[in-house]
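Each chain, written out:
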Amino acid sequence: MSGALHMEKLLSVVPPGDPQPARPPLSAHTLHSPRPRGLTECHPPHNDPSPTLPTQHDFSPNFPTYHDPDPKFPPLHSQLTKFASYHDPVPLLPPKPGSPQPHTALPGREAAEGVIASVIQPLMPSEKTQDVAHVREPLLWQGGPPAAEGGSTVPLQGTGYRSGAHNLSQWQQQQLTRHQAVHQELQDAVRLNASCRTKESDVNTTTRHYQAAVTQDLDERLKVTLDKREDLSRTILSCAEEIVLLRSSTAHVQGAVECVRRASECSGECSDIRGRRRGEDRTVDPLHHALLQEQKALHLDNCKLNELLQQLLQQTSRLRDVKKQLELNWSDKQEAFQLDLSAAKLVNQLPMAQFKGGVSHAQGSSHPDGWGERVRNLIATAKGEITRGGQVRAAASHAVEETSSDMRERDESVTRCLQQRIAELENAKLTLSSDAQQVLQECRKQEVSIEQLQKELRAKESPLQVAQTRAWLRGHRPGDDMCLDPPHYTLQEELRKLPENISELMDKLRESEDCLARLQALHADLLAHLTNKTHTLALEHRCNTVRMSAPQCDDLHHLLCA
């Protein structure tokens, strides 16, 4: 406590019933002005339960000089209060020299006033120090009582004595003024002390009230924050589960897209393979129409699945963003919960409770209603995204199932057409092979027939030569021997029949040769058709092998089962 405050408390002690004259205010210069050296303050020992009032011998320079505070002595205002309570007469001034009467004793209050004057006077301005010195030091009066008011008193000059600068009335007036000022200051100090105690009680009550209110509000805030944190935790778990389901559905759709792609490639490869057919086998058969319809349907399924895949990826991304916002909000709630919990656990006299600058100017960034509304909006947004994710997953599952069913039906249709086409080609190949074999056999028969005809023709040359030679010989008969006898007519008939027979054989030979040529051409054509059929059948079997090596329907079935 500073010296000025200590002195203000000292001056607050005013005896009851004393007048309160007007007093000049004490300035900082007055309270803190330096004390003249040599002045002392009377303090009883700290361990003395009943201090005695100071006498004229107590004002010797042998006592310690004034300083505030001194741990060896109790507070000065308590001692002054005790001094003011005594009523025993205490001599303060020595008797005049040569006077037979005993010295006049002042009552206890006046003794206290003298002590107070001795304490207050060193704190007064320096120009009044000499006046107070006349009160504090012993005086020797010469030549009887002092003069009347307005007169002068001439003190004797001697060793150890000082001449007076004022008369007794002035001195008494100064003492009375100081006494009234001290009483006023003491009374103000008492009132101030009582006001301070009342203010301390009010401040303590207000402090306890606000601490309890803040603690209660922090407890309620902790409950609300904990509830919001739990809601956020449940929503985050729901978002995580939905993200896992979306990833699984995305994997299923990606598998379905891959199956559709493989089926489309298989159908395209089958179309390319069948495009290598030759001749009359390049027909627009039902298998061709089935493959075209399958490719068109697979293209539509692929577009639909890709669109659903993009929706799943976008929904997963949005749900991740919402989950990130929820996690950030949860982290803020967790940090706020820990800080509020630490704040709620703080009590007085804890080392953690320290002065923090600038906290009185701190302002919140949100209102409690807006804070709760933002959390509710965020949770509602997350629930909406979860619901939308479930809808997208259901649409994706339905699309995959529908695609699987359509692919299975189209695959069965194409496989049925392909098997039917393979059976037709095999039948055609068998027919062509049988016809070619028969044509080949007929060709061989025709070749044998031609050889026989040629042999017969060669065999008819000699009889014709014999008949012509006979006719030539008989045409040289002489005279009447050239008669038309029966050999003549028989020979003439033979010469007529033999060329006709040879001509008929020649016609047959040409017909047989023509038939053989046609049969050979037919056989060659049959062989060519048979080769084409064999090639086409090989292509159809290759298509069947390609389709059997890509079990897209089974993959989709496994995806649906998963």
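In this text the structure is predicted, and so the values were computed from the model without any measurement.

Cut-off values and rules
- Residues numbered from 1 in each chain as written.
- Predicted model: local features only at pLDDT ≥ 70, side-chain atom pairs only at ≥ 80, totals over all residues.
- Heavy atoms only, no water.
- Core = buried A, V, L, I, M, F, W, Y, C linked by side-chain atoms within 4.5 Å.
- Buried < 20%, exposed > 50% of the residue type's maximum accessible area, 1.4 Å probe, protein only.
- Helix = DSSP H or I, 4+ residues; strand = E, 2+ residues; numbered from the N terminus.
- Contact = heavy atoms within 4.5 Å.
- Axes fitted to C-alpha atoms, helices over the stretch in contact; angles between N-to-C directions.
- Parallel < 35°, antiparallel > 145°, perpendicular 65-115°, else oblique.
- Left-handed = near helix turned anticlockwise from the far one by under 90°.
- Nonpolar A, V, L, I, M, F, W, Y, C, P; charged D, E, K, R; others polar.
- Phe/Tyr/Trp six-rings, centres within 6.5 Å; stacked < 30°, edge-to-face > 60°.
- Lys NZ or Arg CZ within 6 Å of the ring centre and 35° of its normal.
- Patch = residues over 30% accessible without salt bridge, like charges linked within 9 Å, V, L, I, M, F, W, Y side chains within 5 Å.
- Areas by Shrake-Rupley, 256 points an atom, 1.4 Å probe, with all protein chains shown as cover.
- Salt bridge = Lys/Arg side-chain N within 4 Å of Asp/Glu carboxyl O.
- Disulfide = S-S within 2.5 Å.
- pLDDT = per-residue confidence, 0-100.

Participant: How would you explain the nonpolar core if you had to name every residue and give the values?
Facilitator: Core analysis: the biggest nonpolar cluster contains 28 residues, and Cys-239, Val-253, Leu-305, Leu-312, Leu-319 and Leu-326 have the highest contact counts within it. Of all the elements in the fold, those that place two or more residues in this core are helix H6 (168-274), helix H7 (286-345) and helix H8 (368-474). When sequence neighbours within four positions are dropped, the list of residues in contact with Val-253 reads Leu-305, Leu-309, Leu-312, Ala-396 and Val-400.

Participant: Break down the packing of H6 against H8 for me, with residues and values.
Facilitator: Packing of H6 against H8 brings their axes to within 9 Å, and their N-to-C directions diverge by 20°. The pairing of H6 with H8 is recorded here as roughly parallel in orientation. Handedness of the H6/H8 crossing: left-handed. By residue class, the composition of the contact of H6 with H8 is 18 nonpolar, eight polar and eight charged.

Participant: I'd love a proper account of the side chain of Glu-385, names of residues and values included.
Facilitator: Position of Glu-385 among the secondary structure elements: in helix H8. By relative accessible area, which is 10% here, Glu-385 ends up buried. Those residues in contact with Glu-385 that lie beyond four places of it in its chain are Gln-315, Arg-318, Leu-319 and Val-322.

Participant: Give a description of the packing of aromatic side chains that names residues and reports values.
Facilitator: Scanning the model with the defined rule gives zero aromatic pairs in all. Note that Arg-221 overlies the ring of Trp-371, its terminal NZ or CZ placed 3.9 Å from the centroid. For the cation-ring pair, Arg-229 lies above Phe-337, with the distance from its terminal atom to the ring centre recorded as 4.8 Å.

Participant: Outline the packing of H7 against H8, supporting the account with residue identities and numerical values.
Facilitator: Interhelical geometry of H7 versus H8 gives an angle of 160° and a closest axis separation of 8 Å. In terms of their interaxial angle, H7 and H8 are classed as roughly antiparallel. With respect to the hand of their crossing, H7 and H8 are arranged in left-handed fashion. Taken together, the residues of the contact of H7 with H8 sort by class into 26 nonpolar, nine polar and 13 charged.

Participant: If you had to explain a nonpolar patch on the surface to someone new, which residues and values would you point to?
Facilitator: A cluster of nonpolar side chains, contributed by Leu-346, Val-347, Leu-350 and Met-352, occupies part of the molecular surface with about 350 Å² of accessible area. Turning to its location among the elements, Met-352 is positioned in the loop between H7 and H8.

Participant: I'd like a description of the state of the cysteines, backed by residues and values.
Facilitator: For the structure shown, the criterion picks out zero disulfides. The thiol sulfur of Cys-543 is not disulfide-bonded, and the nearest other cysteine sulfur, from Cys-270, lies at 4.2 Å. A relative accessible area of 1% means that Cys-543 is categorised as buried.

Participant: Could you give me a rundown of the confidence of the model for the chain, with the residues and numbers involved?
Facilitator: Counting all residues, the mean pLDDT for the chain is 75, and 67% of those residues have values of 70 or more. For the chain, the element scoring lowest by mean pLDDT is helix H2 (residues 28-32), at 40; H7 scores highest, at 92. Contacts from residues 1-109, a stretch scored under 50 in pLDDT, to residues over four places away or in other chains number 169 contacts. Low pLDDT, under 50, characterises residues 122-161; the stretch is placed with 61 contacts to residues that sit more than four places away or in other chains.

Participant: Could you give an account of the environment of Asp-411, naming the residues involved and the relevant values?
Facilitator: Locating Asp-411 in the fold gives a position in helix H8. Overall, the relative accessible area of 18% leaves Asp-411 in the buried class. C-alpha separation for the pair Asp-411 and Leu-291, spaced 120 residues apart in sequence, amounts to 9.2 Å.

Participant: I'd love a proper account of the pattern of salt bridges, names of residues and values included.
Facilitator: For the structure shown, the criterion picks out 29 salt bridges. One salt bridge connects Glu-373 with Arg-376, and the closest N-O pair in it is separated by 2.8 Å. Here Arg-376 and Glu-373 lie together in helix H8, a separation of three residues that amounts to about one turn. Given the relative accessible area of 36%, Glu-373 is considered partly exposed. Residue Glu-456 is joined to Lys-460 by a salt bridge in which the shortest nitrogen-to-oxygen separation is 3.3 Å. Within this pair, Glu-456 and its partner Lys-460 are both found in helix H8, separated by four residues, close to a single helical turn. Each of Arg-274, Arg-277, Asp-285, Arg-421, Glu-424 and Glu-540 takes part in salt bridges that share partners, so that together they form one network.

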